[in-house]
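Descriptive structure summary
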Amino acid sequence: MRAITSLIVLFTLLFVGGCGAFPASTAAPVETTPRPDMVTVTLEPTFPTQGIPQMTSENASLQDLIQKVKTDLSQRLSVSVDQINVGEVTEVEWSDSSLGCPEPGMFYLQVITPGYRILLEAGGGQYEYHTHRDKYFVYCENPNSASP
């Protein structure tokens, strides 16, 4: 009985441990390739505060992501959210869970991850965020040139 319990605990730990990011001794760079059916959407600088058409669940999810990345950038730059403009939003499929912005020494799940590439503009600079479709985002300080 003790051996079975030990095996169950071992398999549980292996399964749970396999779901996260782990340091790796060698990490191969991951490239993303834009698909022909991807669409680039350029939004007005006042987006999403003015002139928003009828609200849909997909539109609301994207607006929520944009608001979150604007808030993150405003905290990073110590500026008001109102001083940040949305330059471009592109729907992409990232080739892994790093969202096209891998950190050295980290291991990522090799799974197609739908999301967005959001370019923000503030104080004369341009800032790039990569997102999961509707869950999380990363600030990509040094975006990979292969990003879509």
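Residues numbered from 1 in each chain as written. Predicted model: local features only at pLDDT ≥ 70, side-chain atom pairs only at ≥ 80, totals over all residues. Heavy atoms only, no water.

So, the overall build of the protein chain
In terms of helices and strands, the protein chain carries two helices and five strands. Along the protein chain, from the amino end to the carboxyl end, the secondary structure elements read α-β-α-β-β-β-β. In the protein chain, 57% of the contacts between residues at least 6 apart in sequence involve partners at least 24 apart. When the accessible area of the protein chain is evaluated, it comes to approximately 9,500 Å², of which 57% is carbon and sulfur surface. (Helix = DSSP H or I, 4+ residues; strand = E, 2+ residues; numbered from the N terminus. Contact = heavy atoms within 4.5 Å. Areas by Shrake-Rupley, 256 points an atom, 1.4 Å probe, with all protein chains shown as cover.)

Side note on the packing of aromatic side chains
Following the criterion strictly, the structure yields two aromatic pairs and no others. Measuring from ring centre to ring centre gives 5.8 Å for Y129 and F137, while their planes differ by 65°; the resulting arrangement is edge-to-face. Where Y129 meets Y139, the ring centres are 5.2 Å apart and the plane angle is 50°; that geometry is what we call tilted. Residue Y129 is located in strand β4 (residues 125-132), and its partner Y139 is located in strand β5 (residues 137-139); the two are separated by ten residues in the primary sequence. Three or more aromatic residues joined by ring pairs make a cluster, and in this case those are Y129, F137 and Y139. (Phe/Tyr/Trp six-rings, centres within 6.5 Å; stacked < 30°, edge-to-face > 60°.)

Describing the nonpolar core
By size, the foremost hydrophobic cluster in this structure holds 14 residues, and its most contacted members are I66, L73, V89, Y116, I118, L120 and Y129. Residue assignment for this core shows that the elements contributing at least two residues are α2 (57-77), β2 (85-94), β3 (113-122) and β4. With five residues, the single largest contributor to this core is α2. Among residues more than four places away in sequence, those in contact with L120 are V69, K70, L73, I84, N85, V86, G87, G125, Q126, Y127 and Y129. (Core = buried A, V, L, I, M, F, W, Y, C linked by side-chain atoms within 4.5 Å. Buried < 20%, exposed > 50% of the residue type's maximum accessible area, 1.4 Å probe, protein only.)

Remember, this is a structural readout, not a statement about activity or role.
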